[in-house]
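A closer look at the structure
Each chain, letter by letter, is given below.
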Amino acid sequence: GENVEQHPSTLSVQEGDSAVIKCTYSDSASNYFPWYKQELGKRPQLIIDIRSNVGEKKDQRIAVTLNKTAKHFSLHITETQPEDSAVYFCAASNNAGNMLTFGGGTRLMVKP
Amino acid sequence: DVKVTQSSRYLVKRTGEKVFLECVQDMDHENMFWYRQDPGLGLRLIYFSYDVKMKEKGDIPEGYSVSREKKERFSLILESASTNQTSMYLCASRRRPVNESPLHFGNGTRLTVT
């Protein structure tokens, strides 16, 4: 089955700096890669996703990049703000199944 | 807006008890999921269901069972709770097709087994 590894497990940045979270996956058939944000005490919510026919996708201050050859994808947050502080999860799945496999999560702390 | 409702926010149970965690979604989603969330381990899939009365094992089904008698409701059952099942449990739902619909999560049930 699919295995998704996520790094780092914790990340502390100064407000205004950029943050990068990286994930690797094992199943070359995976073709859908969402990112979820979970604020303290709240449910995870989708913030951005990317499909394998695209190498990069942006939405305001967040962007995702995908390298299918190397089987890794990354989340980039620019101009970080305190409200970006949360746990971020990457995930991977393919068309064949209903399952999303999640990474271990990254706790991002943005210091004002 | 999709609403996924879990019946309890916090539960405390004793070792050996039978535990039911209930989840209801209001958007007629075909797929429903139960995840377990533990620090450093991310979200691990216990079971999922793609239709009424259908179920599939996820990555960590041991010690759990599920029931889906109605489309909107998906129950997680711990037949005999053990202390290593102390965790946060998240229910989620999603419509088909898989890669065109995000997972919608409930608020979670924090279960403590003593």
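Refer to the structure printed above.
Residues numbered from 1 in each chain as written. Chains lettered and ligands numbered in written order. Predicted model: local features only at pLDDT ≥ 70, side-chain atom pairs only at ≥ 80, totals over all residues. Heavy atoms only, no water.

**Quick notes on the packing of aromatic side chains**
How two aromatic rings sit relative to each other is given by the distance of their centres and the angle of their planes. The final tally for this structure, using the stated rule, is 13 aromatic pairs over all chains. A connected cluster of aromatic rings, assembled from ring pairs, spans Tyr36(A), Phe89(A), Phe102(A), Phe33(B), Tyr35(B), Phe48(B) and Phe105(B). (Phe/Tyr/Trp six-rings, centres within 6.5 Å; stacked < 30°, edge-to-face > 60°.)

**Here's the deal with the sheet that holds strand β6 (residues 56-59) of chain A**
Residue and element names in this part refer to chain A. One open sheet accounts for 5 strands, arranged β1-β3-β8-β7-β6; its pairing is antiparallel. Looking along the sheet, the strands with just one partner apiece sit at the ends: β1 (4-7) and β6. This sheet shows a mean twist of 15 degrees between the axes of neighbouring strands, independent of strand direction. For strand β3 (residues 19-25) and strand β8 (residues 72-77), the ladder comprises 6 bridges, and the chain directions are antiparallel. Paired with Ala19 across the two strands is Ile77, which belongs to β8. (Pairing = 2+ DSSP bridges. Helix = DSSP H or I, 4+ residues; strand = E, 2+ residues; numbered from the N terminus. Axes fitted to C-alpha atoms, helices over the stretch in contact; angles between N-to-C directions.)

**Quick word on the sheet that holds strand β8 (residues 73-78) of chain B**
Residues and elements named next belong to chain B. Taken together, the 4 strands give an open sheet; going across it, the order is β1-β3-β8-β7, and neighbouring strands pair in antiparallel fashion. The open sheet has two edge strands, β1 (4-6) and β7 (64-70), and neither has a second partner. Averaged over neighbouring strand pairs, the angle between their axes works out to 20 degrees when direction is ignored. Of the strand pairs in this sheet, β1 and strand β3 (residues 19-25) are connected by 3 bridges, and their pairing is antiparallel. When the bridges of β3 are listed, Thr5 appears paired with Val24.

**As for the pattern of salt bridges**
It is possible for side chains of opposite charge to pair when their charged atoms get near one another. Counted according to the given criterion, the structure contains 10 salt bridges over all chains. Ionic pairing is found between Arg51(A) and Asp49(A), a salt bridge with its closest N-O pair at 3.8 Å. Taking the relative accessible area as the measure of exposure, Arg51(A) reaches 29% and is therefore partly exposed. On the basis of relative accessible area, Asp49(A) is assigned to the buried category, the value being 10%. One salt bridge in this structure joins Arg44(B) and Asp38(B), with 2.9 Å as the shortest N-O distance. Look at the salt bridges and you will find they share partners, linking Lys37(A), Glu39(A) and Lys42(A) into a network. (Salt bridge = Lys/Arg side-chain N within 4 Å of Asp/Glu carboxyl O. Buried < 20%, exposed > 50% of the residue type's maximum accessible area, 1.4 Å probe, protein only.)

**Section: the environment of Ile77(B)**
Residue and element names in this part refer to chain B. Summarising the element assignment, Ile77 is placed in strand β8. For Ile77, a relative accessible area of 10% puts it in the buried group. Considering only alpha carbons, one finds Ile77 and Phe20, 57 residues apart in sequence, at a separation of 4.8 Å. With residues near it in sequence (within four places) discarded, Ile77 still touches Lys18, Val19, Phe20, Gly63, Tyr64, Ser65, Val66 and Ser67. (Contact = heavy atoms within 4.5 Å.)

**So, the interface of chain B and chain A**
With 25 residues of chain B in contact, the opposing surface of chain A contributes 20 residues. Between chain B and chain A, the buried area comes to about 1900 Å², and carbon and sulfur atoms account for 50% of it. For the pair chain B and chain A, the interface holds 0 salt bridges. Between chain B and chain A we count 7 residue pairs in polar contact (both at pLDDT 80 or more) in total. (Buried area = accessible area lost by both parts, 1.4 Å probe. Polar contact = N/O pair within 3.5 Å; in protein donor to acceptor, adjacent residues only side chain to side chain.)

**Examining the environment of Pro44(A)**
Along the polypeptide, Pro44(A) turns up in the loop between β4 (32-38) and β5 (45-51). Take Pro44(A): its relative accessible area is 2%, and that puts it in the buried class. Here the alpha-carbon distance between Pro44(A) and Gln60(A), two residues 16 residues apart in the chain, equals 20 Å. In this view, Pro44(A) contacts Tyr36(A), Lys37(A), Gln38(A), Leu43(B), Leu90(B) and Phe105(B); residues no more than four positions away in its chain are not counted.

Keep in mind these numbers describe shape, not what the thing actually does.
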